[in-house]
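Listed below are the residues making up each chain.
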Amino acid sequence: MSKAALVVGSVAFDDLDMPSGNFRDVLGGAATYSCIAASLVSEPGTCRLVGVVGADFAEAHLDMLRARGVDTAGVERKAGKTFRWHGRYSQDLASRESIDTQLNVFADFRPKIPDAYRKNAVVLLGNIHPKLQLEVLAQVDRDAQTLVMADTMNFWITGEPRALADVLAKVDLLVINDEEAQQLAGVKSVAQAARAIRKQGPKRLIIKRGEHGALLFDDAGVFFVPGYPLEQVLDPTGAGDTFAGGLAGYLARTRDRSSHAVRKGMFYASALASFCVEGIGAERLLAVKKGDLDERLAAFTAMVDYGGALGFVE
Ligand code: AMP
């Protein structure tokens, strides 16, 4: 049975205006972050990247991903420029604005899934047009063991509600942030939103709450994983994609779709996201060693386990 995680989404160059300085031509893109994260927890060679880059995308970036065990055979190279995004963050990093988005070769991206990529343990549909997410699903072999994860954003929730509804009907695990959940459900309460969204298709829903962690809603109930309290955050870009990619990589490795596995995987995901925000772009994530991850996972355990059961003493 396949242990592969297929990741489809943007590969980009980002210009980042941060309180700590301005950074240009930073390797980014949702799929890039997701694959780097997945490769830190999955078996070598099992993370498959499907995306598009332009002629300006140095082969060295793909070499770097391959060296980490990411399979890049699904990355198409097209004449033209790579997708570019320019973001500016507030002083406290709590908000950001998109200064410029140049879709370039990403504008007419039509994901082509190589034959060798059809069987996967996990399919992670990154934040792309819902019609393209459906095209990806039409090209993969899906059986009872395949877990389909998806992300989306406000732009598609308001602009493409019908196509998005078709996607939701086919998704096992939707991973979105709290604002997106509120918008998708049309209610403010996160718990009410979760109930309404799960009625639209996804059996499981993870609502990411940035530094405040993430909530899982499924038939087993509600589960919470915190964000790691860092003393210094440098750049939140890609944290959500890192979370989703880390979880996808973990679930592909274990091939376990139980609620227990998803809950455990959320700790890996949150730990990886905490590394992501400690550096500009993916620099800190790329420097993570197994020992670093183990250490942070131990810190997570210590953070949520007080060493006994809960309940009033009679
Ligand atoms: P996040 O911080 O999780 O929203 O992810 C940021 C990454 O998403 C950046 O590296 C950008 O290159 C990429 N990105 C920004 N806008 C878009 C878009 N409209 N479609 C796809 N990817 C995008």
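Because the structure is a prediction, the values reported are computed rather than measured. (Residues numbered from 1 in each chain as written. Predicted model: local features only at pLDDT ≥ 70, side-chain atom pairs only at ≥ 80, totals over all residues. Heavy atoms only, no water.)

### Digging into the sheet that holds strand 2 (residues 12-18)
Judged by pairing direction, the sheet is mixed, and its four strands sit side by side in the order 3-2-6-7 without closing on themselves. The sheet is open, and its two edges are formed by strand 3 (21-28) and strand 7 (96-102), each paired on a single side. Strand-to-strand, the axes of this sheet are offset by a mean angle of 20 degrees, without reference to chain direction. The sheet contact formed by strand 6 (residues 83-89) and strand 7 spans six bridges and is antiparallel. Counted as the bridge partner of Arg 88 is Glu 97 from strand 7. (Pairing = 2+ DSSP bridges. Helix = DSSP H or I, 4+ residues; strand = E, 2+ residues; numbered from the N terminus. Axes fitted to C-alpha atoms, helices over the stretch in contact; angles between N-to-C directions.)

### Things to note about the layout of surface pockets
A water-sized probe, rolled over the atoms, reveals where empty space remains. Volume-wise, the second largest pocket comes out at about 210 Å³. What lines the second largest pocket is simply Leu 40, Val 41, Tyr 250, Arg 253, Tyr 268, Val 288, Lys 289, Lys 290, Leu 293 and Asp 294. Broken down by secondary-structure element, the contributors of at least two residues to the lining of the second largest pocket are helix 1 (30-41), helix 8 (239-254) and helix 11 (290-304). The biggest single contributor to the lining of the second largest pocket is helix 11, with three residues. (1 Å grid on protein atoms, 1.4 Å probe; cavity = no way out; pocket = protein on both sides within 12 Å on 5 of 7 lines; lining within 4 Å. Points joined across faces, edges and corners; volume = space filled by probe spheres on them.)

### Some points on the packing of aromatic side chains
This model, assessed by the stated rule, comprises eight aromatic pairs. A centroid spacing of 4.8 Å and a plane angle of 70 degrees characterise the contact between Phe 155 and Trp 156, whose relative ring orientation is edge-to-face. Note on Trp 156: relative accessible area 14%, which makes it buried. Here the aromatic cluster, defined as three or more aromatic residues joined through ring pairs, consists of Phe 223, Tyr 228, Phe 267 and Phe 300. Sitting over the ring of Phe 275, Arg 296 keeps its end group 4.1 Å from the ring centre. (Phe/Tyr/Trp six-rings, centres within 6.5 Å; stacked < 30°, edge-to-face > 60°. Buried < 20%, exposed > 50% of the residue type's maximum accessible area, 1.4 Å probe, protein only. Lys NZ or Arg CZ within 6 Å of the ring centre and 35° of its normal.)

### A look at the sheet that holds strand 4 (residues 47-53)
Read from one edge to the other, the open sheet built from nine strands follows the order 5-4-1-8-9-10-11-12-13, with strand pairing classed as mixed. The two strands at the open ends of the sheet, each matched to only one other strand, are strand 5 (70-77) and strand 13 (221-225). Recorded for the sheet is a direction-independent mean angle of 15 degrees between the axes of neighbouring strands. Sheet topology places strand 11 (residues 204-208) next to strand 12 (residues 214-218); four bridges connect them, and they run antiparallel. Bridging from a neighbouring strand, Lys 208 pairs with Ala 214 of strand 12. Sitting on the sheet, helix 2 (residues 59-67) touches strand 4 and strand 5, and the angle it makes with strand 5 is about 155 degrees. (Contact = heavy atoms within 4.5 Å.)

### Quick word on the pattern of salt bridges
Any two side chains of opposite charge can pair, given that their charged atoms come close. In this structure the tally under the stated criterion is 22 salt bridges. The salt bridge involving Arg 66 is made with Glu 59; its shortest N-O contact spans 2.7 Å. A residue is classified by how much of its surface remains accessible, and Arg 66, at 36% relative accessible area, is partly exposed. With relative accessibility at 40%, the residue Glu 59 sits in the partly exposed group. Several salt bridges converge on common partners, so that one network encompasses Glu 59, Asp 63, Arg 66 and Arg 77. (Salt bridge = Lys/Arg side-chain N within 4 Å of Asp/Glu carboxyl O.)

### Let's talk about helix 8
In an α-helix, one turn spans 3.6 residues; hence positions three or four apart end up facing the same way. If you check helix 8, its first and last C-alpha atoms are 23 Å apart, about what 16 residues at 1.5 Å a residue would give, namely 22 Å. With respect to burial, helix 8 is a largely interior element, 13 of its 16 residues being buried. Immediately beyond the C-terminal end of helix 8, within one or two residues, lies Arg 255, with a positive phi of roughly 50 degrees. (Expected span 1.5 Å × (residues − 1).)

### Description of the side chain of Thr 46
Here Thr 46 lies in the loop between helix 1 and strand 4. Excluding residues that lie within four positions of it along the chain, Thr 46 makes contacts with Lys 3, Ala 4, Ala 5 and Gly 69.

### Points about the nonpolar core
In this structure, Val 122, Met 149, Ile 206, Phe 243, Leu 251 and Met 266 are the most contacted members of the largest nonpolar core, which totals 55 residues. Ranked by residues supplied to this core, first place goes to helix 9 (residues 259-276) with ten residues. When near neighbours in sequence (up to four residues on either side) are disregarded, Met 266 contacts Ile 206, Ala 214, Leu 215, Leu 216, Phe 223, Val 225, Phe 243 and Leu 247. (Core = buried A, V, L, I, M, F, W, Y, C linked by side-chain atoms within 4.5 Å.)

### Notes on helix 6 (residues 178-185)
Taken as a whole, helix 6 has its buried residues at Glu 180, Ala 181 and Leu 184. Within helix 6, the buried residues cover an arc of 100 degrees as seen down the axis, which keeps them to one side. Where helix 6 is buried, its residues contact helix 4 (154-159), helix 5 (161-168), strand 10 (173-177), helix 7 (190-199) and strand 11. You can read the cap of helix 6 off the contacts: a side-chain oxygen lies 3.2 Å from the backbone nitrogen of Glu 179, and it is on Asn 177. A positive phi of about 75 degrees marks Gly 186, the residue just after helix 6. (Arc of directions from axis to C-beta. Polar contact = N/O pair within 3.5 Å; in protein donor to acceptor, adjacent residues only side chain to side chain.)

By themselves, these observations are geometric and do not establish any function.
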